[in-house]
Amino acid sequence: MPTAAVCRRHGLSTATFYKFKSKYGGMEVPEAAKLKTLEDENAKPKRLVADTMLDRATGPRDNGEGCVERPVGNGGRQPAIGPRARPTLTTLIKRRDAALRVMRVHDISQSRACWLVGVDPKTVRREHPPDSVDIRKEMQEIAGKRRRFGYRRIGVLLDCKGMIMNHKKLYRIYREEGLSVKRRRGRKRARGTRTPIPGAARPNARWSLDFVSDSFGASRKFRVLAVIDDCTRECLCLVADTSLSGARVARELSALTRVYGKPGCMVSDNGTEFTSKAILKWADENEVPWHYIDPGKPQQNAFIESFNGSLRDEPLNEEIFDSWDDARRKLALWRYDYNTFRPHSSLSNQTPQQARRALEQFEGHAPGALASDGEPEYPNPTCRLSL
């Protein structure tokens, strides 16, 4: 008979026929049956060994010292070091989580996973909704208003509202809701006002300030204090020196207020110069609200960060400073060019000075000392940084 007819008669495909032919070709029927029996017998020990290894990897066992070991929380086993035993699964929630983890990691049935971990299958199948929903909701509201209250004080407030419970249950719910109070470390820093930061819709509505570092000569470091107007993007000053303390920053801000007028708000990071007593005293005497951005969130002070990028890219990385006078002169010239001739994309390609004049003409007045009859304190843009 042809091969196709044989395959059609016995319900086989051609590929299966040639597979059997390569495996059992040349054998008689008893020999083929004997080979099949040996393969089945070899598969049973392999399966038993695999099941035993899986049991040892997931289920409890005696560590040889009279202590029964349980699987660790991540579903695997850690190598034992000395006589120390593996942590046990003491609660039903931990056993249920361990059974679900074993089913997910090792791809075994639910009954087998429950037998290995030592938990009732009903516990694994049953979903456990959170208990005491009203208490949890009230606890969340209290913790949102009083962020530094622990579970004991929250429990006292709950008792006043008639929600009395055991302290152990109170602590369990407190931990499950993730309301643990983190311990504050480090020195106490000024946090500024909690009112929302006003928008920069007009000149002098909001100023931003920050420091930029560079070096000149034989790797001598110096810092640059940059202050900008967030509305017009105008650079109000670039003060370069080796040391810029809080008192020095306060003096520079006083000089700027005499030239441009008092700002509506100041925005900075939490640096030591900006949180010093001199700055707090200056802000209190001049009645200027000071907003500090969150630590590690420079994007909250995006205007000064964008200006720092331009300052770093254009003068600091392009120029080589030979001396103090050279550094201050080049920074002053760049500031004059930045405010007067350099177009700004966020201002419809206007210069900062053009934007300031347009806004002042629209409002009908010049704020601060710009509207006064006297000359400003620093009429020359280069003398401000040469002091």
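Above this note sits the structure.
About the thresholds
- Residues numbered from 1 in each chain as written.
- Predicted model: local features only at pLDDT ≥ 70, side-chain atom pairs only at ≥ 80, totals over all residues.
- Heavy atoms only, no water.
- Helix = DSSP H or I, 4+ residues; strand = E, 2+ residues; numbered from the N terminus.
- Expected span 1.5 Å × (residues − 1).
- Buried < 20%, exposed > 50% of the residue type's maximum accessible area, 1.4 Å probe, protein only.
- Arc of directions from axis to C-beta.
- Axes fitted to C-alpha atoms, helices over the stretch in contact; angles between N-to-C directions.
- Parallel < 35°, antiparallel > 145°, perpendicular 65-115°, else oblique.
- Left-handed = near helix turned anticlockwise from the far one by under 90°.
- Contact = heavy atoms within 4.5 Å.
- Pairing = 2+ DSSP bridges.
- Core = buried A, V, L, I, M, F, W, Y, C linked by side-chain atoms within 4.5 Å.
- Salt bridge = Lys/Arg side-chain N within 4 Å of Asp/Glu carboxyl O.
- Polar contact = N/O pair within 3.5 Å; in protein donor to acceptor, adjacent residues only side chain to side chain.
- Nonpolar A, V, L, I, M, F, W, Y, C, P; charged D, E, K, R; others polar.
- Phe/Tyr/Trp six-rings, centres within 6.5 Å; stacked < 30°, edge-to-face > 60°.
- Lys NZ or Arg CZ within 6 Å of the ring centre and 35° of its normal.

1. Brief notes about helix H4 (residues 92-106)
Residues lying three or four places apart along an α-helix face the same way, a consequence of the helix completing one turn every 3.6 residues. Taking 1.5 Å as the rise per residue, H4 with 15 residues should run 21 Å; its terminal C-alpha atoms sit 21 Å apart, in good agreement. Among all positions of H4, only Arg95, Arg96, Ala98, Ala99 and Val102 are buried. Along the axis of H4, the buried residues cluster in a sector spanning 160°; they form a single face. Away from its buried face by more than 90 degrees, H4 exposes Ile93, Arg104 and Val105. One or two residues past the end of H4 sits Asp107, with phi positive at roughly 55°.

2. Digging into unusual backbone geometry
Glycine aside, residues mostly have negative phi angles, and peptide bonds mostly take the trans form. The phi torsion at Glu287 lies on the positive side, around 55°, for a residue other than glycine. Counting through the fold element by element, Glu287 comes out in the loop between helix H11 (277-286) and strand S7 (290-292). Positive phi outside glycine occurs at Ser348, with the angle close to 60°. Within the secondary structure, Ser348 sits in the loop between helix H13 (324-340) and helix H14 (352-363). Since its relative accessible area comes to 65%, Ser348 is described here as exposed.

3. A look at the packing of H4 against helix H5 (residues 110-117)
At their nearest, the axes of H4 and H5 sit 9 Å apart, and the two run at 130° to each other. Compared by their axis directions, H4 and H5 come out oblique. In this structure, H4 meets H5 at a crossing whose hand is right-handed. Here H4 contributes Arg95, Ala98, Ala99, Val102 and Met103 to the contact with H5, which in turn contributes Gln110, Ala113 and Val117.

4. Examining the pairing of strand S4 (residues 220-229)
The element S4 is extensively covered by neighbouring structure, given that 7 of its 10 residues are classed as buried. Judged from the 10 bridges that link them, strand S3 (residues 207-216) and S4 form a sheet pairing that is antiparallel. For Phe216, the partnering residue across the bridge sits in S4 and is Arg220. Note: S4 against strand S5 (residues 235-241), 6 bridges, orientation antiparallel. The residue bridging Val227 from the neighbouring strand is Cys237, located in S5.

5. Here's the deal with the nonpolar core
Counting residues in each nonpolar core, the largest one holds 23 residues, and the members touching the most others are Leu225, Val227, Leu253 and Trp290. At the level of elements, S3, S4, S5, helix H10 (246-260), H11 and S7 are the ones that each hand at least two residues to this core. Considering every element that reaches this core, the biggest residue donor is H10, with 6 residues. Beyond its immediate stretch of four places on either side in the chain, Val227 contacts Trp207, Ser208, Leu209, Glu234, Cys235, Leu236, Cys237, Leu253 and Leu256. Listed in part, the 19 residues of the second largest apolar core include Ile304, Phe307, Trp324 and Trp334.

6. Some thoughts on the pattern of salt bridges
Under the definition given, this model contains 18 salt bridges. Salt bridges sharing common partners tie together Asp131, Arg136, Arg172, Glu176 and Glu177.

7. Things to note about the side chain of Arg233
Among the secondary structure elements, Arg233 is positioned in the loop between S4 and S5. A polar atom in the side chain of Arg233 sits 3.2 Å from the backbone oxygen of Cys231. A polar side-chain atom of Arg233 sits 3.4 Å from a polar atom in the side chain of Ser346. In this view, Arg233 contacts Phe303, Tyr338, His344, Ser346, Leu347 and Pro352; residues no more than four positions away in its chain are not counted.

8. Overview of the pairing of S3
Of all 10 residues making up S3, 8 are buried, and the element is well covered by its neighbours. In terms of strand pairing, S3 meets strand S6 (residues 266-268) through 2 bridges, oriented parallel. From the neighbouring strand, Trp207 faces S6, where its bridge partner is Met266.

9. Section: the packing of helix H7 (residues 133-145) against helix H8 (residues 151-160)
Between H7 and H8, the least distance of the axes is 10 Å, while the angle of their chain directions is 120°. By the criterion of interaxial angle, the relationship of H7 to H8 is oblique. Read as a crossing pair, H7 and H8 show a hand that is right-handed. Residues Ile135, Glu138, Met139, Ile142 and Ala143 of H7 lie in contact with H8, whose contacting residues are Ile154, Leu157 and Leu158. For the contact of H7 with H8, the class distribution of residues is 7 nonpolar, no polar and 1 charged.

10. Focus: the packing of aromatic side chains
Taken as a whole, this structure holds 15 aromatic pairs when the rule is applied. Centre to centre, the rings of Phe307 and Trp334 are 5.8 Å apart; their planes meet at 55°, and the pair counts as tilted. Note that Phe307 is positioned in helix H12 (residues 302-318) and Trp334 in helix H13, a separation of 27 residues in sequence. Judged on exposure class, the residue Phe307 and its partner Trp334 are both buried. Three or more aromatic residues joined by ring pairs make a cluster, and in this case those are Phe211, Phe274, Trp282, Trp290 and Tyr292. One cation-aromatic arrangement involves Arg153 over Phe149; the distance from NZ or CZ to the ring centre is 5.3 Å. The ring centre of Phe211 lies 4.1 Å from the NZ or CZ of Arg223, which sits over that ring.

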